[in-house]
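Given next are the chains, with one letter for each unit.
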Amino acid sequence: MAVMYETTVNVSGGRKGHARSDDGILDVNLAMPGSGADATNPEQLFAAGYAACFSSAAMGVARQQGHKLDDIPVAAHVTLDAENHDYNLSVKLTAEVALPQAEAEKLIAQAHEMCPYSKATRGNIQVDIEVKGH
């Protein structure tokens, strides 16, 4: 298998620290969710990565199917739950597809099979998908 891309991000200080990618493009302060600090957190970074990857996968499927769509916006809502120090993530993806509902749902189902984030999370965390067709 050919490597398409790889990166390294170094974090110091955990959730109250700093993250910096090896190329310096990502350079952010981290904070606990809900702390009010002017910083991001791992859940926001995960949501951004998943939404971007899923949108790209959906656009790829659309091209394969011959659809000429300018964009397929995706919102990723990430929830961090904790019970007795047992922490769990869940995700709700909402995709807007400028196709009739049935076609949009089929396209998004195929994107969910293709997306590397979906593959990585499958069977590990709850991922729900809402499709808004036109």
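Residues numbered from 1 in each chain as written. Predicted model: local features only at pLDDT ≥ 70, side-chain atom pairs only at ≥ 80, totals over all residues. Heavy atoms only, no water.

**Thoughts on unusual backbone geometry**
Here is step 1 of the chain: Look at Asn 84: it is not a glycine, yet its phi comes out positive at around 55 degrees.
Here is step 2 of the chain: With respect to the element layout, Asn 84 can be found in the loop between strand S4 (74–83) and strand S5 (86–96).
Here is step 3 of the chain: Residue Asn 84 is classed as exposed on the basis of its relative accessible area, which comes to 72%.
Here is step 4 of the chain: One non-glycine residue with positive phi stands out, namely His 85, at about 60 degrees.
Here is step 5 of the chain: Locating His 85 in the fold gives a position in the loop between S4 and S5. (Helix = DSSP H or I, 4+ residues; strand = E, 2+ residues; numbered from the N terminus. Buried < 20%, exposed > 50% of the residue type's maximum accessible area, 1.4 Å probe, protein only.)

**Some details on helix H1 (residues 42–64)**
Here is step 1 of the chain: Its 23 residues place the ends of H1 33 Å apart at the C-alpha level, agreeing with the 33 Å of an ideal helix rising 1.5 Å per residue.
Here is step 2 of the chain: Between the side-chain oxygen at the start of H1 and the backbone nitrogen of Glu 43 there is a gap of 3.0 Å, and the oxygen is on Asn 41.
Here is step 3 of the chain: Following H1 by one or two positions, Gly 66 has its phi on the positive side, about 85 degrees. (Expected span 1.5 Å × (residues − 1). Polar contact = N/O pair within 3.5 Å; in protein donor to acceptor, adjacent residues only side chain to side chain.)

**Quick word on the packing of aromatic side chains**
Here is step 1 of the chain: The final tally for this structure, using the stated rule, is 4 aromatic pairs.
Here is step 2 of the chain: With a centroid separation of 5.8 Å and an interplanar angle of 65 degrees, the aromatic rings of Phe 46 and Tyr 50 are classed as edge-to-face. Taken together, the residues Phe 46 and Tyr 50, both in helix H1 and 4 residues apart, mark about one turn of the helix.
Here is step 3 of the chain: Aromatic side chains Phe 46 and Tyr 117 sit 6.0 Å apart centroid to centroid with 40 degrees between the ring planes, which places their arrangement in the tilted category. Within this pair, whereas Phe 46 is found in helix H1, its partner Tyr 117 is found in helix H3 (residues 116–121), the two being separated by 71 residues in sequence.
Here is step 4 of the chain: Relative accessible area serves as the criterion here: at 31%, Tyr 117 is assigned to the partly exposed category. (Phe/Tyr/Trp six-rings, centres within 6.5 Å; stacked < 30°, edge-to-face > 60°.)

**Concerning the sheet that holds strand S6 (residues 126–132)**
Here is step 1 of the chain: Strand order in this open sheet of 3 strands is S4-S5-S6, and the pairing throughout is mixed. Two strands lie at the open edges of the sheet, namely S4 and S6, each paired on one side alone. Ignoring strand direction, the axes of neighbouring strands in this sheet form an average angle of 15 degrees.
Here is step 2 of the chain: Strands S4, S5 and S6 of the sheet are contacted by H1, whose axis makes an angle of about 145 degrees with S4.
Here is step 3 of the chain: Here helix H2 (residues 101–114) sits on the sheet and contacts S5 and S6; the angle it forms with S6, its principal contact strand, is near 150 degrees. (Pairing = 2+ DSSP bridges. Axes fitted to C-alpha atoms, helices over the stretch in contact; angles between N-to-C directions. Contact = heavy atoms within 4.5 Å.)

**Quick look at the domain arrangement of the chain**
Here is step 1 of the chain: In terms of domains, the chain is made up of domain 1 (1–40) and domain 2 (42–133).
Here is step 2 of the chain: For domain 1 versus domain 2, the distance between C-alpha centres works out to 22 Å.
Here is step 3 of the chain: Between domain 1 and domain 2, the residue contacts involve 5 residues of the former and 5 residues of the latter.
Here is step 4 of the chain: Carbon and sulfur atoms make up 60% of the area that domain 1 and domain 2 hide from each other, which totals about 460 Å².
Here is step 5 of the chain: It is Arg 15, Leu 30 and Thr 40 in domain 1 that bury the most area against domain 2; as a group they hold 73% of the surface buried on that side.
Here is step 6 of the chain: Between domain 1 and domain 2 we count 1 salt bridge in total.
Here is step 7 of the chain: Across the pair Glu 43 and Arg 15 runs a salt bridge, and its minimum N-O distance is 2.5 Å. (Domains from an automatic or database assignment. Buried area = accessible area lost by both parts, 1.4 Å probe. Salt bridge = Lys/Arg side-chain N within 4 Å of Asp/Glu carboxyl O.)

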